Amino acid sequence: EIEGLTRAGRRALALGDAPEAVGCFKKAILLSGGAVSSRLRRACAFNLGAAYVETGKPRKGLEFLLQSQPSEGESEEHLGDLYFNIGAAHEGLRDFPKALEYFGKAAGHKQTAQAGSRAGTRVQMGCCYLGMREPARAARCFLDAARTYAAAASPEAAAVALSRASGSMLQSRQFRATEIAGVLAQCRSLCESIPDPALRGNTARCALSSGCPGEQRPPPASPLCATGKLYNDIGLGYSQLCIFSLAAESFEQALALCSGEADRRREAALLQNLGAAHNALRRFGTALGWHRRAAALHSALGNRRAQGQCFGNLAYTCSQLRNHEAAAENYLHALQAFRDSGDVQGQWQACEGLGAACFRLGDPQKAIKHYKEAL
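By the naming in an unreviewed UniProt entry, the chain goes by TTC24 protein and is assigned to Anhinga rufa.

Moving on to the packing of helix α13 (residues 264–280) against helix α14 (residues 284–301). Axis separation between α13 and α14 bottoms out at 8 Å; the angle between their running directions is 155 degrees. It follows from the interaxial angle that α13 and α14 lie roughly antiparallel. Judged by the twist between their axes, the crossing of α13 over α14 is left-handed. Residues Arg264, Arg265, Glu267, Ala268, Ala269, Leu271, Gln272, Leu274, Gly275, Ala276, His278 and Asn279 of α13 touch α14, and the partners they reach there are Phe284, Thr286, Ala287, Trp290, His291, Arg293, Ala294, Leu297, His298 and Leu301. Here the residues of the contact of α13 with α14 sort into 11 nonpolar, seven polar and four charged.

For the rest of this paragraph, the subject is the side chain of Ser166. Within the secondary structure layout, Ser166 lies in helix α9 (residues 155–172). Beyond its immediate sequence surroundings of up to four residues, Ser166 is in contact with Ile180, Val183 and Leu184.

What follows deals with the environment of Tyr83. For Tyr83, the location among the structural elements is in helix α5 (residues 79–92). For the pair Tyr83 and Gly104, spaced 21 residues apart in sequence, the C-alpha to C-alpha distance is 8.6 Å. The contacts of Tyr83, once residues within four sequence positions are left out, are Tyr102, Lys105, Ala106 and His109.

Reading guide: rules and limits
Residues numbered from 1 in each chain as written. Predicted model: local features only at pLDDT ≥ 70, side-chain atom pairs only at ≥ 80, totals over all residues. Heavy atoms only, no water. Axes fitted to C-alpha atoms, helices over the stretch in contact; angles between N-to-C directions. Helix = DSSP H or I, 4+ residues; strand = E, 2+ residues; numbered from the N terminus. Parallel < 35°, antiparallel > 145°, perpendicular 65-115°, else oblique. Left-handed = near helix turned anticlockwise from the far one by under 90°. Contact = heavy atoms within 4.5 Å. Nonpolar A, V, L, I, M, F, W, Y, C, P; charged D, E, K, R; others polar.

Rendered as structure tokens:
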């Protein structure tokens, strides 16, 4: 019966149903209490501990994982897995130095000699370094993981690791722009080599740095709209390097993979990023279309603050095209949206834009009024 519950628990974990797995492993460990074999009890404790960590209960998970450590003289066959999960529990508790200690033990264990396991451990170590605000060390872990994944013919995992590496490199400011651009190019090349589009959007566990001003990073990917996430992150990376032509191309590739899916917020953010990239390229005529689509979609989603940002971007684009009446109108729309959403910074920026538009339209009194509002 214990074996059946263990199989059911593992099946549930494989399907992403961690609570169901916890239920199965709990029943198994209760039954194992009467078992003669202490090894069986420890195996049940390990399964339950790992499942608790997976469900976001690292403290409870650690309690059972520590109970599952082998006695002296017993087989250490699965010790690498145990070290890895203890590391994951400490990471969940934000005890990053302790987590790194156990991930280091896992990486050095013979069981972790398999490329995928070794690379996965390096990724977790990178996440810990990010938690410790050491992005340069995190970047080196992610780069090492990417090399290992690539050598093991896992292009999708390698691409995700490179995406994480580029974000960490940008955060650290210890890498040359050419180095970061090279990593982004490798990541993009790997994305294009992945046959299954669903794999191109593997979600990254660690948050990357923000994009350029005026851009918005989309919310975490849902299963239905994960396919363009890597391309979007590549676009944000190129934006931070001010390589806006490649940023725009990457955002368009992301949009092609996301459009029409259930998570429209990601699509709206991509439209917004595309408009910002074309503004930076001074392709204002093209940018107009992206800003309008982004504003309309944010409106349909009821996201007034983001809609206000789009109106502000649209107003700026109109001003660059010397259509100052349209600029003033869109700044007014932006101001109302920012008032509705309580965004004070957005309000003074919209007032400032309104002042500039009114001045160019030959109405200095209105311009002064809006500049005073901005102050």
